[in-house]
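One letter stands for each residue in the lines below.
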Amino acid sequence: GACLADDFEFVAAVVGPINKEEFLNALGSFKLTESFDIDQNLFGFTVDSIQTNRVWYFSRQIAKQIAPFMGTKPEDLKEDLTLPPQLHHIDFDESGLVKEFGFYTVDRRQGNTGGLGGAFGYFYGVGKPLPIPECKPYKPSLRFRMLNLLGKLGRKLSKKKSA
């Protein structure tokens, strides 16, 4: 945590913002690096042209389980975990310390972790998702599905009128 500013925050699509202490405690409790050989496959580093203290980059993580994790053994997994592509950002303060870190899944149809990135992807990938909706693959709400159905119906009806 030496590279993290005192006012550091972690923020992602469904987690955060959380402060430095909470972030380090959570990261340490997951034990991902002890349980998996993780190839981050980082690429596309670029400085934000508007917020120049921010660097954006992508990852395409592939993780091989090498030790027990959440009650599963390496031999329990049929294949390595392939997380969906994720877009990360890091903000630096004036002294070069990390002020903010975050990431977002950019294509939930990729990989074998139910479209979930970060620690949620690992939990899901070994068959131990946390029991909350955010730790499950995306499923449109009933309202959203109904709205889509109404849109399709409206398009069909307008085609019939114009024919």
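Read on for a plain summary of the structure. (Residues numbered from 1 in each chain as written. Predicted model: local features only at pLDDT ≥ 70, side-chain atom pairs only at ≥ 80, totals over all residues. Heavy atoms only, no water.)

## A look at the environment of P84
The condition is simple: Strands are runs of DSSP state E lasting at least two residues, helices are runs of H or I lasting at least four, and both sets are numbered from the N terminus onward. Contacts between residues were defined by any pair of non-hydrogen atoms, one from each residue, lying within 4.5 Å.
Inspection of the secondary structure puts P84 in the loop between strand 7 (81-82) and strand 8 (86-92). In this structure the C-alpha to C-alpha distance between P84 and P140, which are 56 residues apart in sequence, comes to 19 Å. Excluding residues within four positions of it along the chain, P84 makes contact with S59, T105, D107, R108, Q110, T113, G115, L116 and G117.

## With respect to helix 4 (residues 142-162)
For clarity, the cut-off: What a helix is expected to span follows from its residue count: subtract one and scale by 1.5 Å. Only protein chains enter the accessibility calculation, which uses a 1.4 Å probe; a residue is then buried when its area is under 20% of its type maximum, exposed when over 50%, and partly exposed in between.
Look at helix 4: 30 Å from first C-alpha to last across 21 residues, which is about the 30 Å you get at 1.5 Å a residue. Little of helix 4 sits inside the fold, with zero of its 21 residues counted as buried.

## Considerations on a nonpolar patch on the surface
Our working rule: Patch construction takes residues with relative accessible area above 30% that form no salt bridge. Like charges are linked within 9 Å, and nonpolar side chains (Val, Leu, Ile, Met, Phe, Trp, Tyr) are linked within 5 Å. Computed by Shrake-Rupley with a 1.4 Å probe, the accessible areas treat only the displayed protein chains as cover when residues are assessed. The working definition used for a salt bridge is a side-chain nitrogen of Lys or Arg within 4 Å of a carboxyl oxygen of Asp or Glu.
A surface patch of nonpolar side chains, amounting to about 330 Å² of accessible area, comprises Y138, F144 and L147. Position of L147 relative to the elements: it lies in helix 4. By relative accessible area, L147 is classed as exposed at 55%.

## Some points on the sheet that holds strand 7
To keep it simple, the criterion reads: Strands are labelled as partners when DSSP assigns at least two bridges between them.
An order of 3-6-7 is seen for the three strands of this open sheet, with the pairing classed as antiparallel. If you trace the sheet from one side to the other, it starts and ends with strand 3 (36-39) and strand 7, each paired once.

## Description of the side chain of Q61
Put simply, the test is: The definition of a polar contact used here is a pair of N or O atoms within 3.5 Å, where within protein one atom must be able to donate a hydrogen and the other to accept one, and adjacent residues in sequence count solely through side-chain atom pairs.
Mapped onto the elements of the fold, Q61 is located in the loop between strand 5 (54-59) and strand 6 (62-65). Engagement of the side chain of Q61 in a polar contact is seen with the side chain of Q40, the distance being 3.0 Å. Excluding anything up to four places from it in sequence, Q61 contacts I38, D39, Q40, L81, T82, L83, Q86 and Y122.

## A look at the pattern of salt bridges
In total, this model carries five salt bridges according to the counting rule given. Where R54 meets E100, a salt bridge forms, and the shortest distance between an N and an O atom there is 3.1 Å. Taken as a pair, R54 in strand 5 and E100 in strand 9 (residues 98-105) lie far apart in primary sequence, 46 residues in all. Beyond isolated ion pairs, a larger network of salt bridges with shared partners links R54, D91 and E100.

## Notes on unusual backbone geometry
In most cases, non-glycine residues show a negative phi, while peptide bonds are predominantly trans. Cis geometry marks the peptide bond from G16 to P17, where omega comes out at 5 degrees. Mapping P17 onto the fold places it in the loop between strand 1 (4-10) and strand 2 (18-19). Located in the positive-phi region is N41, a residue other than glycine, with phi close to 50 degrees. As for its placement among the helices and strands, N41 is situated in the loop between strand 3 and strand 4 (42-47). Exposure remark for N41: the relative accessible area of 30% places this residue in the partly exposed category. Even without a glycine there, the phi angle at M70 is positive, about 55 degrees. Within the secondary structure, M70 sits in the loop between strand 6 and strand 7.

## Notes on the side chain of H88
One can find H88 in strand 8. A distance of 2.8 Å separates polar atoms of two side chains, one belonging to H88 and the other to S59. Once residues within four sequence positions are removed from consideration, H88 is found in contact with V55, W56, Y57, F58, S59, F101, G102 and F103.

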